[in-house]
Amino acid sequence: MEVIIIKDKFMLKSKVYFNNQSLQLLKQISGSRAFIVADSIMETLGYLQKTVDYLSEAGISSKVFSEVCPDPDVKVIADGLKLYRESDADVLVAIGGGSAIDTAKGILYFAWKFGAIEGMEIKRPLFIAIPSTSGTGSEVTDFSVITSDEGEKVCIVDEFIAPDIAILDSTCIQHVPQRVVADTGIDVLVHAIEAYVSTKATDFTDALVEKAIKLIFENLEVLYKDINNANARDRVQNASCMAGMAFTNTGLGINHSLAHAFGGTFHIAHGRSNALMLNAVMEFNSDLDGSASGYATEKYAKLATVLQLPARTRREGAVNFMLAVSRLKKALDIEDNIRTLGIEQTKFERVLDQMAQTAMLDRCTPTNPKQPSKEDLIRIYQKCY
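The shown structure was predicted, so the numbers you read here are calculated from the model rather than taken from an experiment.

Each value, and the rule that gives it
- Residues numbered from 1 in each chain as written.
- Predicted model: local features only at pLDDT ≥ 70, side-chain atom pairs only at ≥ 80, totals over all residues.
- Heavy atoms only, no water.
- Buried < 20%, exposed > 50% of the residue type's maximum accessible area, 1.4 Å probe, protein only.
- Helix = DSSP H or I, 4+ residues; strand = E, 2+ residues; numbered from the N terminus.
- Right-handed = clockwise from strand over helix to strand, strands pointing away.
- Pairing = 2+ DSSP bridges.
- Patch = residues over 30% accessible without salt bridge, like charges linked within 9 Å, V, L, I, M, F, W, Y side chains within 5 Å.
- Areas by Shrake-Rupley, 256 points an atom, 1.4 Å probe, with all protein chains shown as cover.
- Salt bridge = Lys/Arg side-chain N within 4 Å of Asp/Glu carboxyl O.
- Core = buried A, V, L, I, M, F, W, Y, C linked by side-chain atoms within 4.5 Å.
- Contact = heavy atoms within 4.5 Å.
- Polar contact = N/O pair within 3.5 Å; in protein donor to acceptor, adjacent residues only side chain to side chain.
- Phe/Tyr/Trp six-rings, centres within 6.5 Å; stacked < 30°, edge-to-face > 60°.
- Expected span 1.5 Å × (residues − 1).
- 1 Å grid on protein atoms, 1.4 Å probe; cavity = no way out; pocket = protein on both sides within 12 Å on 5 of 7 lines; lining within 4 Å.
- Points joined across faces, edges and corners; volume = space filled by probe spheres on them.
- Nonpolar A, V, L, I, M, F, W, Y, C, P; charged D, E, K, R; others polar.

## Here we look at the pairing of strand β5 (residues 126-131)
Then step 1. Most of β5 is tucked away, with 5 of its 6 residues classed as buried.
Then step 2. Crossover handedness for the path strand β4 (residues 91-96) to helix α4 (residues 98-117) to β5: right-handed.
Then step 3. In the sheet, β5 pairs with strand β8 (residues 165-168) via 2 bridges, with the strands oriented parallel. Pairing of Ala129 across the sheet is with Ala166, part of β8.

## Describing a nonpolar patch on the surface
Then step 1. Nonpolar side chains collect at one region of the surface, where Phe10, Leu12 and Phe204 lie side by side and expose about 290 Å² of accessible area between them.
Then step 2. With respect to the helices and strands, Phe204 occurs in helix α6 (residues 203-225).

## Things to note about the nonpolar core
Then step 1. Ranked by internal contacts, the top residues of the largest apolar core, which has 56 residues, are Leu189, Ile193, Ile213, Tyr300 and Phe321.
Then step 2. Listing elements by their share of this core, those giving two or more residues are β8, α5 (178-197), α6, α7 (230-250), α9 (270-286), α10 (295-306) and α11 (314-331).
Then step 3. With 11 residues, α5 is the single largest residue contributor to this core.
Then step 4. Residues contacting Tyr300, with those up to four places away along its chain left out, are Ile193, Val197, Met282, Asn285, Ser286, Gly317, Ala318, Phe321 and Met322.

## Structural notes on the side chain of Ser87
Then step 1. Within the secondary structure layout, Ser87 lies in helix α3 (residues 74-87).
Then step 2. With relative accessibility at 12%, the residue Ser87 sits in the buried group.
Then step 3. Among the polar contacts listed, one links the side chain of Ser87 to the backbone oxygen of Tyr84, at a separation of 2.6 Å.
Then step 4. Look past the residues within four positions of Ser87 in its chain and what remains in contact with it is Arg33, Phe35 and Lys63.

## Notes on the packing of aromatic side chains
Then step 1. For the coordinates displayed, the defined rule picks out 13 aromatic pairs.
Then step 2. Ring centres of Phe110 and Phe114 lie 6.1 Å apart, and the angle between their planes is 35°; this geometry places the pair in the tilted category. Note that Phe110 and Phe114 are positioned in helix α4 at a spacing of 4 residues, about one turn of the helix.
Then step 3. Their ring planes at 55° and their centres at 6.3 Å tell us that Phe217 and Phe321 sit as a pair that is tilted. Here Phe217 is found in helix α6, whereas its partner Phe321 is found in helix α11, with 104 residues between them in sequence.

## Considerations on α5
Then step 1. In this model α5 runs 29 Å from its N-terminal to its C-terminal C-alpha over 20 residues, within 8% of the 28 Å that 1.5 Å per residue would give.
Then step 2. With 17 of its 20 residues buried, α5 lies for the most part within the structure.

## Here's the deal with empty space enclosed by the protein
Then step 1. Per the stated rule, a full pass over the model turns up 3 cavities of 30 Å³ or more.
Then step 2. Around the largest cavity, the lining residues are Thr133, Ser134, Ile173, Val176, Val181, Thr184, Leu223, Ile227 and Val236.
Then step 3. Across the lining of the largest cavity, the residue classes break down as 6 nonpolar, 3 polar and no charged.
Then step 4. One number sums up the size of the second largest cavity: a volume of about 40 Å³.
Then step 5. Contributing to the lining of the second largest cavity are Ile193, Glu194, Val197, Asn255, Leu278, Val281, Met282, Asn285 and Tyr300.
Then step 6. Listed by contribution, the elements that provide at least two residues to the lining of the second largest cavity are α5 and α9.
Then step 7. The biggest single contributor to the lining of the second largest cavity is α9, with 4 residues.
Then step 8. For the lining of the second largest cavity, the class distribution of residues is 6 nonpolar, 2 polar and 1 charged.

## A closer look at unusual backbone geometry
Then step 1. Positioned with a positive phi, Asp71 is a non-glycine residue whose angle comes to about 50°.
Then step 2. Here Asp71 is to be found in the loop between β3 (61-65) and α3.
Then step 3. Under the relative-accessibility criterion, Asp71 is labelled partly exposed at 33%.
Then step 4. In this model, Asp88 sits at a positive phi of 50°, which is unusual for a non-glycine residue.

## Some points on the layout of surface pockets
Then step 1. Taken as a whole, the largest pocket encloses approximately 1,000 Å³ of empty space.
Then step 2. Elements with a minimum of two residues in the lining of the largest pocket: α1 (40-44), α4, β6 (143-147), β7 (153-157), α5, α8 (254-266) and α9.
Then step 3. A per-class count over the lining of the largest pocket returns 22 nonpolar, 20 polar and 7 charged.
Then step 4. In this structure, the second largest pocket spans a volume of roughly 660 Å³.
Then step 5. Lining the second largest pocket we find 27 residues, and of these Asp142, Lys200, Thr248, Asn249 and Thr250 sit closest to its centre.
Then step 6. In terms of residues, the lining of the second largest pocket owes the most to one element, α7, which gives 4 residues.
Then step 7. Its residues assigned to classes, the lining of the second largest pocket comprises 11 nonpolar, 7 polar and 9 charged.

Set out below in structure tokens:
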């Protein structure tokens, strides 16, 4: 019998509930015992207690792990894993920023892997993700980023860790600091752009990206200036989720590869690291110094038309889209280059080769529209500096 392998697909595992007060969906969840992974901010602001109370109304007891830290490392995962296995939970809830959701995914992933090693059949819990920032899209993706013992950021990509339910309650992000709004919002933009030019992009992912890009350009600056604008909060959070839906199907690109290596080395926030790489990466992908006739240039030009910018040629469209990105970054008070972060040039140059090598091996690199050499990545870093 002939075996036919169809590689083109679009998958969305997570059910998405959105808009104000959607957190109350937890009152309707079925289960007995919940293991909640939360960051300290959600505990301080009272959303963790709301989560516990709503689950209690559904007849579900809760055990809480709140030792989440930015850029979660293997020690945090190990500490959470020990408590998770003791809890015998049939519901896993992550509430907080991308680090909280990544921590929960790491715990779930290694519980599954260690269970297999020990010959135990692991019953997968119902996994619910509740983001408190609008950036990672992690509530609907099969991606998790964990920091190794050596300080390197490692991507885990597996369908097993994709949440079953995503709850987008924008009241959970109404206390986000202005700088975090900028960092996470630009992360959304990078997710969308990289998904759009990915070698695995499809009509389905393109549709999500185009809407996400439009929502970001219409609402992110508004939200940056006024976090109390409920409409902007909803729209940016929806854009984040849409971009997540797109890139979990397409993968990302070297913008993320470079940002992972740079952010891990210098401890710079992920979204800001992405922002610092963005224009140089788009210039590399679009070959503006050459014919500017490639796939990425065409896609960037299409995004210019989405924003109703002049795009009579591919080059004009791509350049205008890049200029629009630069204007948005300026409006969000994002630095023009790495030097302005106070990183010394000699220290930066000393780690260039290692960062480029790490980026080459990153899980995001293979789906970039233009395959780079290590020397290409070094040159991009130098341009960003």
